[in-house]
Amino acid sequence: MAVARSVAARAVGLLSASHRHMTALAPAAAAAGTPTALGAPRRAAAATGGRGVPPPPPTPPAAASPASLSTGRRRPTRPRRRLISHDENYDKIDVLLARYPSNYRASGVIPLLDLAQRQAGGWLPLSAMNKVAKILGMSPVKVYEVATFYTMFVREPIGTYHIQVCGTTPCMLRGARDIVAAATEEAGCVVGGTSADGLFHVTEVECLGACVNAPMAQISSTTADPYVEDLTPASMKEVIRTLRAGKELRVGPQTDRPGCAGPKGKTSLLGDVAGPYCRELKADG
Ligand code: FES
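Because the structure is a prediction, the values reported are computed rather than measured. (Residues numbered from 1 in each chain as written. Predicted model: local features only at pLDDT ≥ 70, side-chain atom pairs only at ≥ 80, totals over all residues.)

**Q** Whenever I open this one, the sheet that holds strand 2 (residues 161-166) confuses me. Can you help?
**A** Paired through backbone hydrogen bonds, the strands of a sheet run either parallel or antiparallel to each other. Taken together, the five strands give an open sheet; going across it, the order is 3-2-4-5-7, and neighbouring strands pair in mixed fashion. Strand pairing shows two members of the sheet lacking a second neighbour, strand 3 (200-205) and strand 7 (252-253), which therefore form its edges. With two bridges joining them, strand 4 (residues 217-220) and strand 5 (residues 227-229) adopt antiparallel strand pairing. Of the residues in strand 5, the one forming a bridge with Gln-218 is Tyr-227. Lying over the sheet, helix 8 (residues 176-187) contacts strand 2, strand 3 and strand 4, oriented at roughly 160° with respect to strand 2. (Pairing = 2+ DSSP bridges. Helix = DSSP H or I, 4+ residues; strand = E, 2+ residues; numbered from the N terminus. Contact = placed C-beta atoms within 7 Å. Axes fitted to C-alpha atoms, helices over the stretch in contact; angles between N-to-C directions.)

Take a look at the structure:
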């Protein structure tokens, strides 16, 4: 019970700080004429159509307009551009929630938080989490618990590119420490910090499921979350220089290795993949 109270107090403390920051930023965002956070359309990573990922539009932290997330209602008096984007966002929510039985709507909390984070410019204002809770019929604190648990969600404005270097055992054994050092040196920030130009935020995270291509990192922005794999300190720095120059990023192995193939090339899973195999969930039980 004491541990639970401690975690809850930490979550509330973090969110309060985030909310104070959000309030301070709102006038700057309004003055800049930025689009509403709910109105910013999300471009799916799949739209990039392959291994190259074009750079996202610049999203400095102050560009977020969290106030709109707290309202997010269909208002016919809004400017046309915002209204269209707003409807697009609700269409996306409908598509996401259609994946779950009606009595398991809370299962959509992570995809909805992800959507909200992209629309808010790469971070989650408190008002966005409250909005997600309202849509899903969840207690707000349960949404805060999810948002504070997963490192993919950030609760304060960060750089345009969130560089998440995996530091778990396979990556660590393959030199993750050196990759973190290279990333912070080239980006010009410490771990957990944001570079002075507002472009990069570097964190160390747990296993991202690409251990066979260790060491690796995920580069998140409002438009995509590509992996860069088989890294060396030199290639990590080159990745950051590519992003800084606004050039297209090479996704996947940063070597000549095809995918995750071993020295003999592909030796298994040569036929068509069967499935998918999903357990059935009763809609009303
Ligand atoms: S340990 Fe780094 S991706 Fe799994």
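Now that the structure has been shown, the text picks up again.
**Q** Help me understand the packing of helix 4 (residues 109-119) against helix 6 (residues 140-149), please; the structure alone is not making it clear to me.
**A** Angle between the axes and distance between the axes: these two values describe a pair of packed helices. In contact at an axis separation of 11 Å, helix 4 and helix 6 are set at 70° when each is read in the N-to-C sense. Considering the angle they form, helix 4 stands roughly perpendicular to helix 6. Where helix 4 abuts helix 6, its residues Val-109, Ile-110 and Leu-113 lie against Val-143, Val-146 and Ala-147. Of the residues in the contact of helix 4 with helix 6, the class split is six nonpolar, no polar and no charged. (Parallel < 35°, antiparallel > 145°, perpendicular 65-115°, else oblique. Nonpolar A, V, L, I, M, F, W, Y, C, P; charged D, E, K, R; others polar.)

**Q** What am I meant to see in the nonpolar core here?
**A** Soluble globular proteins tend to pack their nonpolar side chains together in the buried interior. Within the largest apolar cluster, 27 residues are counted, with the highest numbers of intra-cluster contacts made by Ile-163, Val-165, Ile-179, Ala-183, Phe-200, Met-216 and Ala-217. For this core, the secondary structure elements donating two or more residues are strand 2, helix 8, strand 3, strand 4 and helix 9 (233-244). No other element matches helix 8, which puts six residues into this core. Apart from residues lying up to four places away in sequence, Ala-183 is in contact with Ile-163, Val-165, Val-202, Met-236 and Ile-240. Counting residues in hydrophobic clusters, the runner-up holds 17 residues, among them Leu-113, Met-129, Leu-136 and Tyr-144. (Core = buried A, V, L, I, M, F, W, Y, C linked by C-beta atoms within 7 Å. Buried ≥ 20, exposed ≤ 12 C-beta atoms within 10 Å, placed from the backbone.)

**Q** Would you take a moment to explain helix 5 (residues 126-136) for this structure?
**A** Along helix 5, eight of the 11 residues are buried, which leaves the element largely enclosed by surrounding structure. Taken residue by residue, helix 5 has Leu-126, Ser-127, Ala-128, Met-129, Lys-131, Val-132, Ala-133 and Leu-136 as its buried positions. One or two positions beyond helix 5, positive phi appears at Gly-137, with a value near 70°.

**Q** Mind showing me how you'd approach unusual backbone geometry here?
**A** Outside of glycine, negative phi angles account for most residues, and trans bonds account for most peptide bonds. Of note, the amide linkage connecting Ala-214 to Pro-215 takes the cis form, showing an omega dihedral of -5°. Following the sequence through the fold, Pro-215 ends up in the loop between strand 3 and strand 4.

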